[in-house]
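Here is what each chain is made of, one letter per residue.
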Amino acid sequence: MPVRSSHPIRARTLVRSNLEKASVISNILQSRMPNIKVFSGSSHPDLASRIVDRLGIDLGKVVTKKFSNLETCVEIGESVRGEDVYIVQSGSGEINDNLMELLIMINACKIASASRVTAVIPCFPYARQDKKDKVCLAKQSCNNQSTELMKTNEWKFRSRAPISAKLVANMLSVAGADHIITMDLHASQIQGFFDIPVDNLYAEPAVLKWIRENIAEWRNSIIVSPDAGGAKRVTSIADRLNVEFALIHKERKKANEVASMVLVGDVKDRVAILVDDMADTCGTICHAADKLVEAGATKVYAILTHGIFSGPAISRINNACFEAVVVTNTIPQDGHMKDCPKIQCIDVSMMFAEAVRRTHNGESVSYLFSNVPY
């Protein structure tokens with residue numbers, strides 16, 4: 001609409017003011033909605049490719065290499081000035097190398113004047129080291145303590161464990177990350193380790209979809225947590241499926257070794273579905289499966305968000321009584337699936353792609369907490 005004024009000087013002032021306001025608004029919108037670039041680290045290029053295919057864009061050009069002394073070198077192959085940058089790097093494989101690579105990529109984009117840098121970390125590294133343990137896990141290490149100290153049991157409270165998850169959070173922030181997108185943190189409180197926004201996505205909607213589509217007897221199932229810490233996770237899934245839940249109380253004598261298990265709940269003549277956020281050496285879930293079969297479960301499934309499968313994990317699964325061990329592709333699973341036919345994979349790339357799209361457009365991400373984008 002033209003500016004009307006009987007005074008020519010006032011009219012010119014109003015026009016100039018309106019133009020300046022329009023310019024300011026345009027600049028604000030551009031700063032909030034920059035162009036998008038997605039780069040992949042070397043830990044999980046397949047997931048990054050699936051994400052960009054879903055978004056309908058090309059993967060950014062980046063070259064990662066190592067010098068002869070094993071230092072990591074990263075070269076960003078295109079301009080990121082004023083761009084909204086997303087770097088996909090999972091905490092798997094050579095975790096320390098991949099973490100360092102991610103930090104260098106974040107810093108490289110930040111000092112190249114990227115508008116915002118978001119680290120997409122499907123499996124957050126060092127998430128299990130999120131607190132100081134009250135009890136010393138390796139009792140043998142206390143054998144050389146004085147007998148008086150042992151009698152008073154004071155040795156149990158002398159753990160000096162690091163909180164490495166907090167250290168990783170600090171490193172990501174210092175490197176220049178403005179935002180974190182991850183999935184099924186081992187402890188949701190890890191979000192509080194950051195002073196930047198963290199979107200912790202949940203695999204639960206994809207898990208529910210898989211259960212309904214692949215387990216014919218799911219209405220006669222019971223959702224089981226292999227430890228007390230996962231009780232909240234299994235109750236949520238059980239409520240959504242309208243079935244009962246159970247949990248297994250376990251005691252450890254030392255790390256990665258379960259001493260005893262006690263089943264709380266009735267699984268007789270039911271399909272038992274073990275649900276956990278991650279499995280490493282698979283000692284816990286294999287012991288839990290045996291316990292469930294002893295208690296009368298007809299079939300046992302295991303559904304895990306992060307299938308790390310290190311050490312003897314694959315051989316343990318092959319020898320266990322599982323119908324299937326289902327994992328998401330937050331960690332590359334092609335090699336594991338070749339070695340173990342029981343392992344099946346749920347693709348969650350569409351959830352990360354939708355989270356990236358919604359973040360880029362300034363939309364709410366909470367829709368993904370209870371829905372799978374199709």
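Residues numbered from 1 in each chain as written. Predicted model: local features only at pLDDT ≥ 70, side-chain atom pairs only at ≥ 80, totals over all residues. Heavy atoms only, no water.

Q: Outline the pairing of strand E14 (residues 343-346), supporting the account with residue identities and numerical values.
A: Relative to E14, strand E13 (residues 324-328) runs parallel, the two being bridged by four bridges. For Val327, the partnering residue across the bridge sits in E14 and is Cys345. The parallel pair E13 and E14, bridged by helix H10 (residues 334-339), forms a crossover whose chirality is right-handed. (Pairing = 2+ DSSP bridges. Helix = DSSP H or I, 4+ residues; strand = E, 2+ residues; numbered from the N terminus. Right-handed = clockwise from strand over helix to strand, strands pointing away.)

Q: So what's going on with helix H7 (residues 231-241)? Residues and values would help.
A: What H7 keeps buried is the set Ala231, Val234, Ile237, Ala238 and Leu241. Considered in projection along H7, the buried side chains sweep an arc of 135° and stay on one side of the axis. Turned more than 90 degrees off the buried face of H7, the exposed positions are Lys232 and Asp239. Positive backbone phi, approximately 60°, marks Asn242, located one or two places after H7. (Buried < 20%, exposed > 50% of the residue type's maximum accessible area, 1.4 Å probe, protein only. Arc of directions from axis to C-beta.)

Q: Describe the packing of aromatic side chains, listing the residues and the values that go with them.
A: Applying the stated criterion across every chain, the model contains three aromatic pairs. On the basis of an interplanar angle of 75° and a centroid distance of 5.4 Å, the ring pair of Tyr202 and Phe369 is categorised as edge-to-face. Linking Tyr202 in the loop between strand E7 (198-201) and helix H6 (204-214) with Phe369 in the segment after helix H11 (349-360), this pair joins segments that are 167 residues apart in sequence. A relative accessible area of 32% places Phe369 in the partly exposed class. When the ring centre of Trp218 is taken as reference, the NZ or CZ atom of Arg212 above it lies at 5.9 Å. (Phe/Tyr/Trp six-rings, centres within 6.5 Å; stacked < 30°, edge-to-face > 60°. Lys NZ or Arg CZ within 6 Å of the ring centre and 35° of its normal.)

Q: Explain the environment of Ala177 to me, and be specific about the residues and the numbers.
A: Mapping Ala177 onto the fold places it in the loop between helix H5 (164-175) and strand E6 (179-183). Given a relative accessible area of 4%, Ala177 falls into the buried group. Placed 71 residues apart in sequence, Ala177 and Ile106 show a C-alpha to C-alpha distance of 6.2 Å. Once you skip the residues sitting within four places of it in the chain, Ala177 turns out to touch Ile106, Val117, Leu172 and Ile196. (Contact = heavy atoms within 4.5 Å.)

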